[in-house]
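A look at the structure
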Amino acid sequence: MARMHTRRRGSSGSDRPAADEPAEWSDVDADAIEDRVVELAEQGHDPSVIGMKLRDEGVKGTPIPNVKLATGKKVGEILEDNDAAPELPEDLRRLMERAITLTEHLDDNGQDHQNKRALQNTESKIRRLANYYRGDEIDADFNYSYEQAKERLE
């Protein structure tokens, strides 16, 4: 969704190396990895942050380069199995946080037309993502509004 409201091209990123089996130097038990994922989720970390922490810090000092190869499940699936999944998808929640900060900024700075446009674009992305997730990950009657977003995220 990065190029939805601009004419610029997206930036290229690096690809993860293709692997079919976990690295031999990372021999951590799958149950220990799942316990660490749930522990990090209870601390309030998002699934993407959990993956980075496992990559950098690991479990008991051993890094986990790829959770899916090591356990057979993605981080989100592990969280769902242990009833620790967040109530909103991470991308939707981050967009709602951005819209809240932009709205609060516009309350103080009403003539900031650039941020007014950024708020319109962000709310458009929120509505599109809500249509995508509606029924599966969020309620079927979910409609975005500033007040409702502020209430959900507090």
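Here's a quick rundown of the structure. (Residues numbered from 1 in each chain as written. Predicted model: local features only at pLDDT ≥ 70, side-chain atom pairs only at ≥ 80, totals over all residues. Heavy atoms only, no water.)

Overview of the environment of Glu104
Selection rule: We count a stretch as a helix when DSSP gives it H or I for four or more residues in a row; a strand needs E for two or more, and each element gets its number in order from the N terminus. Residue exposure (1.4 Å probe, protein chains only): buried if accessible area is under 20% of the type maximum, exposed if over 50%, otherwise partly exposed. The contact criterion used is simple: two residues touch if any of their non-hydrogen atoms lie within 4.5 Å.
By secondary structure assignment, the location of Glu104 is in helix α5 (residues 90–108). Given a relative accessible area of 32%, Glu104 falls into the partly exposed group. Here Glu104 is in contact with Tyr146 and Lys150, once residues within four sequence places are set aside.

Digging into a negative patch on the surface
As a reminder, the rule being used: Residues form patches when they are more than 30% accessible in relative terms and have no salt bridge. Like charges link within 9 Å. Nonpolar side chains (Val, Leu, Ile, Met, Phe, Trp, Tyr) link within 5 Å. Areas reported here follow the Shrake-Rupley algorithm with a probe of radius 1.4 Å; residue values treat only the protein chains shown as occluding. Salt bridges are defined as contacts in which a side-chain nitrogen from Lys or Arg sits within 4 Å of a carboxyl oxygen from Asp or Glu. Note on charges: Lys and Arg go in the positive column, Asp and Glu in the negative column, and His and the chain ends are not counted at all. Charged groups are reduced to one reference atom each: NZ for lysine, CZ for arginine, CG for aspartic acid, CD for glutamic acid.
Taken together, Glu77, Glu80, Asp91, Asp136 and Glu137 make up a surface patch of like negative charges. One can find Glu80 in helix α4 (residues 75–81).

Describing the packing of α5 against helix α7 (residues 146–153)
The cut-off we apply is this: Note on geometry: axes are C-alpha line fits, over the in-contact stretch for helices, and angles between N-to-C directions span 0 to 180 degrees. Angles below 35 degrees are treated as roughly parallel, those above 145 as roughly antiparallel, those between 65 and 115 as roughly perpendicular, and all remaining angles as oblique. The handedness criterion is simple: a crossing whose near helix is rotated anticlockwise from the far helix by less than a right angle is left-handed, and one whose near helix is rotated clockwise is right-handed. Following the grouping adopted for this structure description, the nonpolar residues are Ala, Val, Leu, Ile, Met, Phe, Trp, Tyr, Cys and Pro, the charged ones are Asp, Glu, Lys and Arg, and the polar ones are all others, Gly among them.
Relative to each other, α5 and α7 sit at 120°, their axes nearing to 10 Å. Here α7 runs oblique to α5, going by the angle between their axes. The handedness of the crossing between α5 and α7 is left-handed. Where α5 approaches α7, its residues Arg93, Met96, Glu97, Ile100, Thr103 and Glu104 are matched on the opposing element by Tyr146, Ala149, Lys150 and Leu153. Across the contact of α5 with α7, the residue classes break down as 5 nonpolar, 1 polar and 4 charged.

A word on unusual backbone geometry
Positive phi, normally seen in glycine, also occurs at Lys60, with a value near 55°. With respect to the helices and strands, Lys60 occurs in the loop between α2 (47–56) and α3 (67–71). Even without being glycine, Asp83 reaches a positive phi, approximately 55°. Looking at the secondary structure, you find Asp83 in the loop between α4 and α5.

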